[in-house]
Amino acid sequence: MIDDLQAMHAALTGARLAAEAGEVPIGAVVVHNGAIIARGQNRVLRDIDPTAHAEIVALRAAATVLANYRLSGCTLYVTLEPCAMCAGAMIHARIDRLVFAAADPKAGACGSVLSVVNHPQLNHQMQLQHGIAADESAELLRKFFRERR
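Below is a short write-up of the structure.

The rules behind the values
Residues numbered from 1 in each chain as written. Predicted model: local features only at pLDDT ≥ 70, side-chain atom pairs only at ≥ 80, totals over all residues. Heavy atoms only, no water. Helix = DSSP H or I, 4+ residues; strand = E, 2+ residues; numbered from the N terminus. Buried < 20%, exposed > 50% of the residue type's maximum accessible area, 1.4 Å probe, protein only. Polar contact = N/O pair within 3.5 Å; in protein donor to acceptor, adjacent residues only side chain to side chain. Contact = heavy atoms within 4.5 Å. Expected span 1.5 Å × (residues − 1). Phe/Tyr/Trp six-rings, centres within 6.5 Å; stacked < 30°, edge-to-face > 60°. Axes fitted to C-alpha atoms, helices over the stretch in contact; angles between N-to-C directions. Parallel < 35°, antiparallel > 145°, perpendicular 65-115°, else oblique. Left-handed = near helix turned anticlockwise from the far one by under 90°. Nonpolar A, V, L, I, M, F, W, Y, C, P; charged D, E, K, R; others polar. Pairing = 2+ DSSP bridges.

1. Quick notes on the side chain of H124
In step 1: Mapping H124 onto the fold places it in the loop between β4 (97-102) and β5 (127-130).
In step 2: Take H124: its relative accessible area is 12%, and that puts it in the buried class.
In step 3: There is a polar contact of 2.7 Å between the side chain of H124 and the backbone oxygen of I95.
In step 4: When sequence neighbours within four positions are dropped, the list of residues in contact with H124 reads I91, R94, I95 and N118.

The structure is reproduced here in structure tokens:
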């Protein structure tokens, strides 16, 4: 059984790999029945795909593993607060729980800028937790953008 910190460290590994590939360092993993079943990292540049955010990549992989686009019983761990697109995908996938590391004051859709996740008018609610390994994730992002300037 993987715990929250271990899962977030796995997501951070994906974020580091994304950075090495020149992508914004964001990583994600999907956990089902206590084990990682899917991993994702930002791939927008490599795939020439504006939807290839780490969360979407991980959700697609998890759906393939479970042979179902509904990901009930799954937890998504991501190193940065999801954007509106990713939050919407999690709602449609019926993720049970979202755990993210660092808040995103520029585009976060889980409370920072927008509150897409758990909006009272939407038909799906999920457990939400944030702050696990937030400093490590934020520093990885700061370092990446510092080096690009």
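2. A few points about helix α3 (residues 54-66)
In step 1: Over its 13 residues, α3 extends 18 Å from the first C-alpha to the last, a length consistent with the 18 Å expected when each residue adds 1.5 Å.
In step 2: Buried within α3 we find A54, E55, I56, V57, A58, L59, A62 and A63.
In step 3: The inward-facing, buried residues of α3 contact β1 (27-32), β2 (35-41), β3 (74-80) and α4 (84-93).
In step 4: Directly beyond the C-terminal end of α3, a positive phi value near 55° is found at A67.

3. Description of the packing of aromatic side chains
Where two aromatic rings form a pair, the distance of their centres and the angle of their planes describe that pair.
In step 1: For the coordinates displayed, the defined rule picks out 1 aromatic pair.
In step 2: Between F144 and F145, the ring centres sit 5.1 Å apart and the planes meet at 80°, which makes this aromatic pair edge-to-face.
In step 3: Overall, the relative accessible area of 35% leaves F145 in the partly exposed class.

4. A short note on the environment of G34
In step 1: Residue placement: G34 occurs in the loop between β1 and β2.
In step 2: Put simply, G34 and I2 are 32 residues apart on the chain and 5.4 Å apart in space, counted from C-alpha to C-alpha.
In step 3: Once residues lying within four places of it in the same chain are set aside, the contact partners of G34 are M1 and I2.

5. A word on the packing of α3 against α4
In step 1: Across the interface, α3 lies against α4 with an axial gap of 9 Å and an inter-helix angle of 20°. For the element pair α3 / α4, the angle class is roughly parallel. Every pair of crossing elements has a handedness; the one defined by α3 and α4 is left-handed. In this structure, α3 uses E55, I56 and L59 to contact α4, whose residues at the interface are M85, C86, A89 and M90.
In step 2: Looking at the contact of α3 with α4 residue by residue, the class counts come to 6 nonpolar, no polar and 1 charged.

6. Things to note about the sheet that holds β5
In step 1: Spatial ordering of the open sheet is given by β2-β1-β3-β4-β5, a layout of 5 strands whose pairing is mixed. Because the sheet does not close on itself, it has two edges, and the strands there are β2 and β5. Each adjacent strand pair in this sheet contributes to an overall mean axis angle of 15°, direction not counted.
In step 2: Relative to β2, β1 runs antiparallel, the two sharing 6 bridges. Opposite H32, over in β2, you have A35 as the bridge partner.
In step 3: Against the sheet, helix α5 (residues 134-148) contacts β3 and β4, and its axis sits at roughly 60° relative to β4.

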